[in-house]
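Here's the letter readout for the chains.
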Amino acid sequence: MLEARQSSQLKSALFAIATIVFASSLVFFPKEALEASTRGLDMWWNVVFPSLLPFFIVSELLIGFGVVAFLGVLLEPLMRPLFKVPGIGGFVWAMGLASGNPAGAKLAVQMRKLGKISQIEGERLAGFTNSSNPLFIFGAIAVGFFHNPALGMILALAHYIGNIVVGFLFRFHGKNMKEVPLTRGPSSLKIIDAFSAMHQERLKDGRTFGKLIGDAVRSSIETLLLIGGFIILFSVLNQLLSLLGILSLIAASISMCFAFIGLSPELAYPFISGLFEITIGAQLISQTTEASFLSQLIVVSFILGFGGFSIQAQVASILAESDIRFRPFLLARFLQGLTAACLVIPLYYLFYEPLTDEVSSGGVRIPASIEQGWHYFLHVSPYITFSFLCLFILLKTMHLRRNSFSR
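Residues numbered from 1 in each chain as written. Predicted model: local features only at pLDDT ≥ 70, side-chain atom pairs only at ≥ 80, totals over all residues. Heavy atoms only, no water.

**A word on the side chain of Gln312**
Condition: Helix and strand assignments come from DSSP, with helices taken as H or I runs of at least 4 residues and strands as E runs of at least 2, each series counted from the N terminus. Each residue's exposure class comes from its accessible area (1.4 Å probe, protein chains only) as a fraction of the maximum for that residue type: buried when under 20%, exposed when over 50%, partly exposed otherwise. Pairs of N or O atoms within 3.5 Å make up the polar contacts considered here, provided that, within protein, one atom can donate a hydrogen while the other can accept it, and that residues adjacent in sequence are counted only when both atoms are side-chain atoms. Throughout, a contact is declared for two residues whenever any of their heavy atoms are within 4.5 Å.
Position of Gln312 among the secondary structure elements: in helix α15 (residues 308–319). The class for Gln312 is buried, based on a relative accessible area of 4%. From its side chain, Gln312 meets the backbone oxygen of Phe306 in a polar contact 2.9 Å long. Discounting chain neighbours no more than four positions away, the residues touching Gln312 are Phe306, Phe326, Phe329, Leu330 and Arg333.

**Side note on the nonpolar core**
Nonpolar side chains in soluble globular proteins generally cluster together in the buried interior. Stated precisely, the cut-off is as follows: Only buried residues count toward a nonpolar core, which is a set of Ala, Val, Leu, Ile, Met, Phe, Trp, Tyr and Cys residues joined through side-chain atoms within 4.5 Å.
Among the nonpolar cores identified, the biggest contains 75 residues, and Ile141, Phe271, Ile272 and Leu319 are the most heavily contacted of them. Grouped together as the second largest cluster of nonpolar side chains are 18 residues, Met43, Leu53, Leu212 and Leu224 included.

**Structural notes on the packing of aromatic side chains**
Put simply, the rule reads: Centres within 6.5 Å make a pair out of two Phe, Tyr or Trp rings, where for Trp the six-membered ring is used; the pair is then stacked when the planes are under 30 degrees apart, edge-to-face when over 60, and tilted otherwise.
Going through the model one piece at a time under the given rule, you end up with 16 aromatic pairs. Here Tyr348 and Tyr349 contribute two aromatic rings whose centre-to-centre distance is 5.2 Å and whose plane-to-plane angle is 80°, an arrangement assigned as edge-to-face. A relative accessible area of 14% places Tyr348 in the buried class. Among the residues examined, Tyr349 registers a relative accessible area of 60% and is labelled exposed. Members of the aromatic cluster, connected to one another through ring pairs, are Phe258, Phe271, Phe276, Phe302, Phe306, Phe309 and Phe334.

**Observations concerning helix α7 (residues 134–145)**
Most of α7 sits inside the fold, with 9 of its 12 residues counted as buried. Taken together, the buried positions of α7 are occupied by Phe136, Ile137, Phe138, Gly139, Ala140, Ile141, Ala142, Val143 and Phe145. Trailing α7 by a residue or two, His147 shows a phi angle of about 55°, which is positive.

**Side note on helix α11 (residues 246–261)**
For the record, the criterion: An expected span of 1.5 Å times one less than the residue number is assigned to each helix. The quantity called bend is, for any residue, the angle between two axes fitted respectively to the seven residues ending at it and the seven beginning at it.
Here α11 is 16 residues long and its end C-alpha atoms lie 23 Å apart, about the 22 Å a rise of 1.5 Å per residue gives. Its axis deflected by about 25° at Ala252, α11 carries its strongest bend there. Burial in α11 covers these residues: Leu247, Ala251, Ile254, Ser255 and Phe258. Gly262 sits one or two positions beyond α11 and adopts a positive phi of about 95°.

**A short note on the confidence of the model for the protein**
The criterion, for reference: Each residue gets a pLDDT score, which is the predictor's confidence in that residue and runs from 0 to 100.
Looking at the protein as a whole, the pLDDT averages 79, with 84% of positions reaching at least 70. Scored below 50 in pLDDT, residues 180–189 shows 19 contacts in the model against residues more than four places distant or in partner chains. When the criterion is pLDDT under 50, residues 355–368 qualifies, and its contacts beyond four places in sequence or with other chains add up to 20 contacts.

**Brief notes about the environment of Leu237**
Structurally, Leu237 is set in helix α10 (residues 209–243). Under the relative-accessibility criterion, Leu237 is labelled partly exposed at 23%. Distance from Leu237 to Phe276, taken between C-alpha atoms, is 8.3 Å for residues 39 residues apart in sequence.

**Here we look at the pattern of salt bridges**
Convention followed: When a carboxyl oxygen of Asp or Glu lies within 4 Å of a side-chain nitrogen of Lys or Arg, that pair is called a salt bridge.
As enumerated under the stated definition, the model contains 6 salt bridges in all. For Arg112, the salt bridge identified is with Asp323, shortest N-O distance 2.9 Å. With a gap of 211 residues between them, Arg112 in helix α5 (residues 103–113) and Asp323 in the loop between α15 and α16 (326–351) connect regions that are remote in the sequence.

**Quick look at unusual backbone geometry**
Unlike most non-glycine residues, Lys84 shows phi in positive territory, near 55°. A residue is classified by how much of its surface remains accessible, and Lys84, at 31% relative accessible area, is partly exposed.

**With respect to the packing of helix α4 (residues 88–99) against α5**
Stated formally: Every angle, taken between N-to-C directions, lies between 0 and 180 degrees, and every axis is a line fitted to C-alpha atoms, over only the stretch in contact when it is a helix. Angle categories: roughly parallel below 35 degrees, roughly antiparallel above 145, roughly perpendicular from 65 to 115, and oblique for all the rest. Rotating anticlockwise by less than a right angle from the far helix to the near helix defines a left-handed crossing, while the corresponding clockwise rotation defines a right-handed one. Here the term charged refers only to Asp, Glu, Lys and Arg, the term nonpolar to Ala, Val, Leu, Ile, Met, Phe, Trp, Tyr, Cys and Pro, and the term polar to all other amino acids, Gly among them.
With their axes 8 Å apart at the nearest point, α4 and α5 run at an angle of 155° to one another. Relative to α5, the element α4 lies roughly antiparallel. α5 is crossed by α4, and the crossing has right-handed handedness. Packed against α4, whose contacting residues are Ile88, Phe91, Val92, Met95, Gly96 and Ser99, the element α5 presents Ala103, Gly104, Leu107, Ala108 and Met111 at the interface. Split by residue class, the contact of α4 with α5 holds 8 nonpolar, 3 polar and no charged.

**Structural notes on a nonpolar patch on the surface**
Defined as follows: Patch membership needs two things, relative accessible area over 30% and no salt bridge, and members are linked within 9 Å if like-charged or within 5 Å if nonpolar (Val, Leu, Ile, Met, Phe, Trp, Tyr). Surface accessibility in these figures is a Shrake-Rupley result with a 1.4 Å probe; residues are shielded only by whichever protein chains are displayed.
Together, Ile17, Val21, Leu244, Ile246, Leu249 and Ile250 make up an exposed nonpolar region whose accessible area comes to about 520 Å². Of all elements in the fold, only α1 (2–28) and α11 reach the threshold of two or more residues within the nonpolar patch. No other element matches α11, which puts 3 residues into the nonpolar patch. Inspection of the secondary structure puts Val21 in helix α1.

Laid out in structure tokens, this is it:
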């Protein structure tokens, strides 16, 4: 009892000291903190918000209309034997793959709140359904940083195969724990059963289309505002730790580890930065010309799989709304980072050829429209963000006014 109390007091003291140091750093480095905050805001405004919002809204609508229940019946024979999760896990996996972090965790929590999955199934699901979306891998990393669309295919294959490997490994998670049995729908592949489950789910929800889409937009934007706060916070934190010399200190020890396993020691500092924020780390890695190209890809692939502490914090805040534990998720991110980093090596030698004057995309055939599409997305994304934030303010005002009248 005394040890637990002392441990709790020590933790409180450490948190207090860390907060004081952070606040003091903001006072001593206001210009640098503002620049870092602006970079984080720019990334959220131009990339994260417009790329995640459509998927968040669509997922809410699919749940409300019962389509998830429909897919759950159809995918049960696939998801249950492979990953030991119900069929609706296929929907969470697909949406997480298409929309990126932290959509998988958000939907896993939502399924848990609705009673569709058990706690252990939620931890398995959250563990392997979080990933970077294809737009970020192909657009931001391959085209934006490395200026080579061919690398997107290699990084994406390593990343998503890593997802599958983690999902298969996590089927053994919690096997010794007693699970609370849930009422399941039919497990056979019958279209009529799937349609029946979809109809019953829609009736159970009971909201009109207007109500449902309003709730979907409002809920999605609230989640994205939370995500934006974490992105800005960790962008500033990463910059302040760099100015205080803490990142360089950690990088010195990491560089020795890199040299031992055959990676370029020059990548240690970008790697540490990437552990805090993926985008910053990936950009620094692409600019480290002293490192070998394969070393760059291995380190980038790891931080894409791991997700970075910014995403970890986002997921932790989302999982806190349920009984799904964060520690299994953290283990899954480490496993995926390690798996994806290892997979990059054979994929690199199988598919990639060094650039020449005649070949502009390496050994992988990638449509030239990817780069054009990425630049067009960056052009229109600020208008999308601004429009939906205005819509959010309108919906929130109407919601508050309706609640005040009902009282």
